[in-house]
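# Results of the structural survey
If you want the building blocks of each chain, they are given just below.
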Amino acid sequence: MATTYAALLRGINVSGHRKVPMAELRSVLEGLGHRNVRTYLQSGNAVFTTDTDATGDELTTALEDAIERHFGFRVECLVRDGDYLTAVAEACPFPAAELEGKQLHAIYYSGPAEPERFAAIDREAYRPEEFALGDRVLYLYVPDGLGRSKLGDVVTRPSLTKGLVATARNWNTVVKLIEMTHED
């Protein structure tokens, strides 16, 4: 049975470092036997369809290995199916439809982000910025955008995300990836 996935690459094409051209990323994914491969933006978003019974974690490992072979450096990735992405959007506790895409972000994690990790954060000190946890995701509301966010810096500290791969997408990208995973 065919399933469509989104691959979220972490930390590529930033300030000229760890360059992964999207055309080459598409070729890497096609080389893994995936089809209908498309990319979105230059920041490491790809959508593909596969007939394999592999899990998201197995697809992630295969993609990370293939990127390392092709580009000579390892890139952390998360691979999530369209149903998961849709469920994350539907569970968003913030009024996404009323906000600009730059005001709302999803930080996807490779595993559960337990509330205990974030318990020491004084949420009141960062208002009106807010965050909420979901299924392997942290929803981050930043009314002035992520670039000016103090809370964004706090929730992404390595001490809080230790042992997890984490990669953020603004809400416009979240919505676009959902659309792309349901086009097939």
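Presented here is an overview of the structure given in this document.

The rules behind these values
- Residues numbered from 1 in each chain as written.
- Predicted model: local features only at pLDDT ≥ 70, side-chain atom pairs only at ≥ 80, totals over all residues.
- Heavy atoms only, no water.
- Phe/Tyr/Trp six-rings, centres within 6.5 Å; stacked < 30°, edge-to-face > 60°.
- Helix = DSSP H or I, 4+ residues; strand = E, 2+ residues; numbered from the N terminus.
- Buried < 20%, exposed > 50% of the residue type's maximum accessible area, 1.4 Å probe, protein only.
- Pairing = 2+ DSSP bridges.
- Axes fitted to C-alpha atoms, helices over the stretch in contact; angles between N-to-C directions.
- Contact = heavy atoms within 4.5 Å.
- Core = buried A, V, L, I, M, F, W, Y, C linked by side-chain atoms within 4.5 Å.

Quick look at the packing of aromatic side chains now. Inspection of the entire model under this criterion finds 6 aromatic pairs. Aromatic pair phenylalanine 94 and tyrosine 141: ring centres 5.8 Å apart, planes at 25°, arrangement stacked. Placement of the pair is phenylalanine 94 in the loop between helix 3 (82-90) and strand 5 (104-109) and tyrosine 141 in strand 7 (residues 137-141), with a sequence separation of 47 residues. Phenylalanine 94 sits in the buried class, given a relative accessible area of 12%.

With antiparallel pairing, 4 strands are arranged side by side in an open sheet as 2-3-1-4. Because the sheet does not close on itself, it has two edges, and the strands there are strand 2 (35-40) and strand 4 (77-81). Taking the axes of each pair of neighbouring strands and ignoring which way they run, one obtains an average angle of 20° across the sheet. Together, strand 1 (3-9) and strand 4 form the strand contacts of helix 3, whose direction differs from that of strand 4 by roughly 90°. The sheet contacts of helix 6 (residues 171-181) involve strand 1, strand 2 and strand 3 (45-50), and relative to strand 2 the element is tilted by about 165°.

The nonpolar side chains of soluble globular proteins are, as a tendency, buried together. Core analysis: the biggest nonpolar cluster contains 23 residues, and Leu85, Phe94, Leu104, Tyr108, Val137, Tyr139 and Trp171 have the highest contact counts within it. Contributing elements (two or more residues each) for this core: strand 1, helix 3, strand 5, strand 7 and helix 6. Per element, the largest residue contribution to this core is 5 residues, and it comes from helix 6. Residues contacting valine 137, with those up to four places away along its chain left out, are Tyr84, Val88, Ala106, Ile107, Tyr108, Tyr109 and Ala132. Leu25, Ala54, Ile67 and Val75 belong to the second-largest nonpolar core, a separate cluster that totals 21 residues.

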